[in-house]
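# Commentary on secondary and tertiary structure
Each chain is listed here by its residues.
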Amino acid sequence: GTMLVYRQITYMNQQDLGVAIDQTLVLDRPSVAQYDSSFIHKINAFKGELTKIPGVTKAASSSRVPGMMTGRIFDVRPSGLNKDKGYSTSFMDVDFDYTDLYGLEPISGRQLRMSDHDFNGSIVRNILINEAAVELFGFESPEKALNEQLSFGTSQRSWDIVGVLPNFHQRSLQYKIEPLVFLPFYSPNHLISVKMENADAATVLAAAKELYEDFFPGNAFNSFFLDDSFQRNYES
């Protein structure tokens, strides 16, 4: 029995997750920061300063990172033949750098752009979905899903699908891949991912801490390495 469990965990650890979690440092949420008209600019400026640290290549903001449970949205209604049927799906808030940092190349359409974000969330319209969501909503193909719409929320507001991402394991391999919607929002409650390449981790960590405290005074600096965090999904 012990050998069987060992072999199962070894097998899971050797599988391609479909998302690049290696050499990724995650900084805790600057939740004390005020969300105002300058917040998006402030986060992007912080990300820009992070990429000036030797060995840091990219930075991105998101409500979740790989290994974490996502949020849920309900009564999601797609345009087309299934417009009268409501679905439940997972969702994440991400910025325009998220897909590039995590190696998620769209299989149709495009990634998010800076112009897809706005402080006034009521005018934000463009979203991404994954392949599992294409199947759930009954779209004929990832290409056919482009420019279709999803409606959800208390007002059944419409959102335009501008890209489809490949399926990937957001959680560990004990869990099946779920339909996922990516919303282009920023928030003080979002984590900040930092991608490194041939970097000295201690140097990056010290420099990131100094920048974090300059940009977000009053917030405690906490961080973790994503591959270590993801591995803890298998500990139990």
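Refer to the preceding data block for the structure.
Computed from a predicted model, the values in this text were never measured in an experiment.

### A few points about the sheet that holds strand E10 (residues 191–196)
If you walk across this open sheet you meet the 4 strands as E2-E10-E1-E11, and the pairing is antiparallel. With one partner strand each, in any of the chains shown, strand E2 (56–62) and strand E11 (223–225) form the two edges of the open sheet. Each strand axis lies, on average, 20 degrees off the axis of its neighbour in the sheet, ignoring direction. Here 4 bridges tie strand E1 (residues 24–27) to E10, and the two strands are oriented antiparallel to one another. Bridge pairing in E10 places Val 26 opposite Ser 193. Of the strands in this sheet, E1, E2 and E10 are in contact with helix H2 (residues 39–50), which crosses E2 at around 155 degrees. Packed on one face of the sheet, helix H6 (residues 201–215) meets E1, E2, E10 and E11 and runs near 25 degrees to E1.

### What about the packing of aromatic side chains?
Tallying each qualifying case throughout the model produces 14 aromatic pairs. The interplanar angle of 35 degrees and the centroid separation of 5.3 Å between the aromatic rings of Tyr 35 and Phe 119 together place this pair among those described as tilted. With Tyr 35 in the loop between E1 and H2 and Phe 119 in the loop between strand E5 (108–109) and strand E6 (126–130), this pair connects stretches of sequence that are 84 residues apart. Overall, the relative accessible area of 30% leaves Tyr 35 in the partly exposed class.

### Here we look at the packing of H2 against H6
Packing of H2 against H6 brings their axes to within 10 Å, and their N-to-C directions diverge by 160 degrees. Comparing their axes, H6 and H2 come out roughly antiparallel. Pair H2 / H6 crosses with right-handed handedness. Here Lys 42, Ala 45, Phe 46, Glu 49 and Leu 50 of H2 lie close against H6, whose contacting residues are Ala 208, Leu 211, Tyr 212 and Phe 215. Along the lines of polarity and charge, the residues of the contact of H2 with H6 split into 7 nonpolar, no polar and 2 charged.

### Describing the layout of surface pockets
In this model, the largest pocket occupies a volume close to 220 Å³. Lining the largest pocket are 16 residues, with Thr 70, Gln 170, Arg 171, Lys 176 and Glu 178 sitting closest to its centre. Residues belonging to the lining of the largest pocket are distributed by class as follows: 6 nonpolar, 6 polar and 4 charged.

What counts, and where the lines are drawn
- Residues numbered from 1 in each chain as written.
- Predicted model: local features only at pLDDT ≥ 70, side-chain atom pairs only at ≥ 80, totals over all residues.
- Heavy atoms only, no water.
- Pairing = 2+ DSSP bridges.
- Helix = DSSP H or I, 4+ residues; strand = E, 2+ residues; numbered from the N terminus.
- Axes fitted to C-alpha atoms, helices over the stretch in contact; angles between N-to-C directions.
- Contact = heavy atoms within 4.5 Å.
- Phe/Tyr/Trp six-rings, centres within 6.5 Å; stacked < 30°, edge-to-face > 60°.
- Buried < 20%, exposed > 50% of the residue type's maximum accessible area, 1.4 Å probe, protein only.
- Parallel < 35°, antiparallel > 145°, perpendicular 65-115°, else oblique.
- Left-handed = near helix turned anticlockwise from the far one by under 90°.
- Nonpolar A, V, L, I, M, F, W, Y, C, P; charged D, E, K, R; others polar.
- 1 Å grid on protein atoms, 1.4 Å probe; cavity = no way out; pocket = protein on both sides within 12 Å on 5 of 7 lines; lining within 4 Å.
- Points joined across faces, edges and corners; volume = space filled by probe spheres on them.

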